[in-house]
Amino acid sequence: MVPVLDIDALIGNPQTCIIVCCGAGGVGKTTTAAALGLRAAESGRRVVVLTIDPARRLAQSLGLTTLDNTPRPVKDIDDTRGGSLDAMMLDMKRTFDEVVEAHATADKAEQILANPFYQAVSSSFAGTQEYMAMEKLGQLRLEADRDPDNPRWDLIVVDTPPSRSALDFLDAPKRLGSFLDGRFIRLLAAPAKAGGRAYLKVFSAGVNIVTKTLTKVLGGQMLSDVQTFVAALDTMFGGFRKRADHTYALLSDRMTTFIVVAAPERDALREASYFVDRLDEEGMPLAGLVVNRMYRVSAPGLSAARALGAAEELGDQERDSSSGVGTSDVSERTAITQGLLRMHAVQAEIADRHESLAKRFIAGHPGIPIVEVPAASGDIHDLVGLRTVGDALAGQ
Amino acid sequence: MAPDAGSARDTDWDGVRLHIVTGKGGTGKTTVAAALALALAGEGRRVLLAEVEGRQGISQSFDVPPLALTEVRIAHAAHGGEVFGLSVDAKAALLEYLQMYYKLGRAGGMLEKFGAIDFATTIAPGVRDVLLTGKVYEAVRRRRDHRARGPGAAPAYDAVVVDAPPTGRVVRFLNVNHEVADLARVGPIRSQANSITAMLRSPQTVVHLVTLLEEMPVQETVDTIAELRAVGMPIGGVVVNQVREEILTLDVLEAAARNAISREDIAADLTRVHVRATEALVDGLLTEARDHAERVTLERDEAEVIADLGRPTYRLPSLSEGVDANGIREMAETLMAQGMA
């Protein structure tokens, strides 16, 4: 017996405060996050949905035209149960700027914001997104907790960044931590500190070799620019570190739960497997798997083979009954029935393939709750569409 | 001009040596990149298929063991053509680069010990992309005989196909060297970054986009083409993947959409061939036809959006068995027949 992922129980549980949706790109992760958020809000939760995807898809489905790093209320939701829904899209540069402004003195902040390295790192380089997604999640959590008697939100739904691997999001705080604890940062930050170099010299004789090599590879100018940049940020690193650790702890807390999203395709399910295993390894709480876009036939009980056989037989019968030679064409009416049967056969085959892919995943991961969401014939554009997805998520 | 018997076939991308394949997640860009590599390797050519996200999608597509850090032959094509596979690794690329240009002995070890290598390859934003594109650049420029110099020297690969990051990240990935050149105002990094940017923007390179006939992937294709243009990257073709076979004629589709198909006729036909024509079955078949008609209409609209892009467009049929190594060969044949390779 395969356990069913009970979405309504999950969002109905007041202990669930953070839901992280993860999975490969193109499996409907953002739509799932938005539908979950809407369903939770309409059941009475105060929800904020954080999306990180640069293609403003959540905006489209939520009918928002701008998502600008600030949670904005979603209009026209059913709030009769006292819930609310805010949505936002991560703007990584703005998030980074805000961190700088909040943690450095005004002079220093200005100096950092104007640094060309800072500008490249904060706006055009891959990898920053994961750090900033973590940062933003931490911020939202703080904001939600500000007034415990009247929290602005009691549920945060997070859509993970479209990373090389969806796991980058999970690994970001640890990577940052290992760097901040390492020797390399001290070397990079050294020139700006009074006596830093002297301190390092005692600390390790390798410093000169490394500095020389870096100068050779990067060029003296670039190295000194990097060093200025790192030194300027140095005052903030402690804060970064603390918050990253805090957010990581938040993710493994009982109030957080992960939902892995997949589509019935080999690659997407492979990624889902990998994710399920990693969450398990890290002791992260997994609620279950959502398999989107499951193809289902509307005419049950007629297999693909039987449908094709019937279509063929219709043609044979017609040819047998017609006396003329060379009348291989069937009547228009028969052609329609044949067409319906053949189309059904194709759809039944796809449905079978999806079913067997899902079964294989289940066999490989016994005990993981699953919910399958049927494929829709069109794309989701509005709240009505999201509600339908929400119903399907809840098994309705 | 009359085709010259005996010469290589005319294809849409003659003269292109670097094919970059992107697409929204779930559109099948990895399998399309694999098929394109195989198609390009026809006529006895050597093609490198490189992935840059460490997903091992290539080895899975061709059903070969996971790719290690060296280039290995993964498939044979017609007339002695060969496809080599490489999973580009940022750390290996960095160490190779340092060795090749700086001959770092003990100093390289010190960089590693100090965490500089880890910093560059996993922590520092952007550097990974610099290293990955740098390795692709090296593979395109490599000579078959490494001592040979000059424009006449035979390249190690006739073409390089890159299974690039998905549409959401590809522009940032391809344009990273331009950003880096701005940061390094002088010095070796700047000239290296400039050379990579120059190659990526040259007529030797094209970026192909893979899409499905669905709204979101098509929209991302349109957006990505605009973004690529804005940064001066040459746009290649659009590959429409998983195109469904048309089973119902236009008349039937229209009748289905209008609910104008006779339930009684269908029921009678089914009974004639001994299928139990329950109400649920007949209703179900008609619902399926209606849904299908709706989907076909949507697909037509999307196909028009793609046509409006005015790019060479290729269509790959949906393979009902899913895509395995044989499926890739079938796709390669289709791409060749349509002139992509």
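What you see is a predicted model; the values in this text were computed from it and never measured.

For chain A, the helix and strand inventory stands at 16 helices and 8 strands. Taken across its 396 residues, chain A has 46% of its residues classed as buried. Within chain A, contacts between residues separated by at least 24 positions form 76% of all contacts whose residues are at least 6 apart in sequence.

What follows concerns the overall build of chain B. Along the backbone of chain B there are 13 helices and 8 strands. C-alpha atoms of chain B, sized along the principal axes, occupy 85 × 50 × 40 Å. Among the 341 residues that make up chain B, the fraction classed as buried is 46%. In chain B, of all internal contacts separated by at least 6 residues, the share reaching a separation of at least 24 is 72%.

With that settled, the discussion passes to the domain arrangement of chain B. Residue and element names in this part refer to chain B. Domain assignment breaks chain B into domain 1 (18–244 + 318–337) and domain 2 (245–309). Spacing between the C-alpha centres of domain 1 and domain 2 amounts to 42 Å. The interface is formed by 9 residues belonging to domain 1 together with 7 residues belonging to domain 2. For the side of domain 1 that touches domain 2, the elements supplying multiple residues, two or more each, are helix 9 (215–230) and strand 7 (235–243). Of the residues forming the side of domain 1 that touches domain 2, the biggest block, 4 residues, is contributed by helix 9. Here the residues of the side of domain 1 that touches domain 2 are counted per class, giving 6 nonpolar, no polar and 3 charged.

Before going further, it helps to spend a moment on the pairing of strand 3 (residues 72–76) of chain B. Residue and element names in this part refer to chain B. The pairing of strand 3 with strand 4 (residues 82–87) spans 4 bridges and is antiparallel. Paired with histidine 76 across the two strands is glutamate 82, which belongs to strand 4. Connecting strand 3 to the antiparallel partner strand 4 that follows it, the hairpin turn spans 5 residues, and histidine 79 within it adopts a positive phi of roughly 55°.

Listed by partner, the interface residues are 64 residues for chain B and 66 residues for chain A. For the side of chain B that touches chain A, the element with the highest residue contribution is helix 12 (residues 279–308) of chain B, accounting for 11 residues. The residue inventory of the side of chain B that touches chain A, partitioned by class, reads 31 nonpolar, 14 polar and 19 charged.

Strand pairing in a sheet takes place through backbone hydrogen bonds and is either antiparallel or parallel in direction. All names here are of chain A. One open sheet holds the 8 strands; their spatial order is 3-4-2-5-1-6-7-8, and the pairing between them is mixed. Each edge of the open sheet is held by one strand with a lone partner, namely strand 3 (72–73) and strand 8 (370–374). With 2 bridges joining them, strand 3 and strand 4 (residues 84–89) adopt antiparallel strand pairing. Bridge pairing in strand 4 links proline 73 to aspartate 86. Relative to the sheet, helix 2 (residues 29–42) contacts strand 1 (18–22), strand 2 (46–51), strand 4, strand 5 (155–159), strand 6 (256–262) and strand 7 (286–294), its axis offset from that of strand 2 by approximately 170°.

Moving on, we come to the packing of helix 11 (residues 263–272) of chain B against helix 12 of chain B. Residue and element names in this part refer to chain B. Relative to each other, helix 11 and helix 12 sit at 115°, their axes nearing to 10 Å. Here helix 11 runs over helix 12; the crossing is right-handed. Residue-level inspection shows Arg263, Ile266 and Ala267 of helix 11 in contact with helix 12, the latter providing Val282, Leu285 and Leu286. Classifying every residue of the contact of helix 11 with helix 12 gives 5 nonpolar, no polar and 1 charged.

Below, the discussion takes up the nonpolar core. Grouped together as the largest cluster of nonpolar side chains are 186 residues, with contacts concentrated most on Ile156 of chain A together with Leu36, Ala37, Leu38, Leu49, Val160 and Val161 of chain B. Ignoring anything within four residues of it in the chain, the contact list for alanine 37 of chain B reads Val47, Leu49, Val83 and Val161 of chain B. Of all hydrophobic cores here, the second largest spans 30 residues; its members include Leu314 and Ile336 of chain A together with Leu286 and Val296 of chain B.

Our focus in this paragraph is the sheet that holds strand 2 (residues 46–51) of chain B. Residues and elements named next belong to chain B. Spatial ordering of the open sheet is given by 3-4-2-5-1-6-7-8, a layout of 8 strands whose pairing is mixed. Each of the sheet's edge strands pairs with one partner strand only, and the pair in question is strand 3 and strand 8 (313–317). Mean inter-strand twist for the sheet, computed between neighbouring axes without regard to direction, equals 25°.

Residues and elements named next belong to chain A. With 5 of its 5 residues buried, strand 5 lies for the most part within the structure. Here strand 5 shows a buried face lined by Leu155, Val157 and Asp159 and a second buried face lined by Ile156 and Val158. Pairing geometry for strand 1 and strand 5, over 4 bridges, is parallel. Pairing of cysteine 21 across the sheet is with aspartate 159, part of strand 5. Across 4 bridges, strand 2 lies against strand 5 in parallel orientation. If you follow valine 49 over to strand 5, its bridge partner there is valine 157.

Residue arginine 293 of chain A is not a glycine yet carries a positive backbone phi of 60°. By the element assignment, arginine 293 of chain A lies in strand 7. The phi dihedral of glutamine 242 of chain B is positive, around 55°, even though this residue is not glycine. Along the chain, glutamine 242 of chain B turns up in strand 7.

Between helix 8 (residues 168–181) of chain A and helix 5 (residues 116–123) of chain B, the shortest axis-to-axis distance is 11 Å and the interhelical angle comes to 155°. One way to sum up the angle between helix 8 of chain A and helix 5 of chain B is to call them roughly antiparallel. Considering the relative orientation of helix 8 of chain A and helix 5 of chain B, their crossing is left-handed. Contact with helix 8 of chain A, carried on its side by Arg175, Leu176 and Phe179 of chain A, involves Phe119, Thr122 and Ile123 of chain B of helix 5 of chain B and no other residues of that element.

All names here are of chain A. Here chain A shows a mean pLDDT of 85. Residues at 70 or above account for 89%. The secondary structure element of chain A with the lowest average pLDDT is helix 10 (residues 196–203), at 50, and the one with the highest is helix 1 (residues 7–12), at 97. Low pLDDT (under 50) marks residues 192–196, which in the prediction has 3 contacts with non-local residues, meaning those over four places away or in another chain.

Moving on, we come to helix 16 (residues 383–393) of chain A. Residues and elements named next belong to chain A. Those residues of helix 16 that sit buried are Leu383, Leu386, Val389, Gly390 and Leu393. One side of helix 16 holds all its buried residues, which, seen down the axis, span an arc of 115°. Positive backbone phi, approximately 75°, marks glycine 395, located one or two places after helix 16.

Conventions and cut-offs
Residues numbered from 1 in each chain as written. Chains lettered and ligands numbered in written order. Predicted model: local features only at pLDDT ≥ 70, side-chain atom pairs only at ≥ 80, totals over all residues. Helix = DSSP H or I, 4+ residues; strand = E, 2+ residues; numbered from the N terminus. Buried ≥ 20, exposed ≤ 12 C-beta atoms within 10 Å, placed from the backbone. Contact = placed C-beta atoms within 7 Å. Domains from an automatic or database assignment. Nonpolar A, V, L, I, M, F, W, Y, C, P; charged D, E, K, R; others polar. Pairing = 2+ DSSP bridges. Axes fitted to C-alpha atoms, helices over the stretch in contact; angles between N-to-C directions. Left-handed = near helix turned anticlockwise from the far one by under 90°. Core = buried A, V, L, I, M, F, W, Y, C linked by C-beta atoms within 7 Å. Parallel < 35°, antiparallel > 145°, perpendicular 65-115°, else oblique. pLDDT = per-residue confidence, 0-100. Arc of directions from axis to C-beta.

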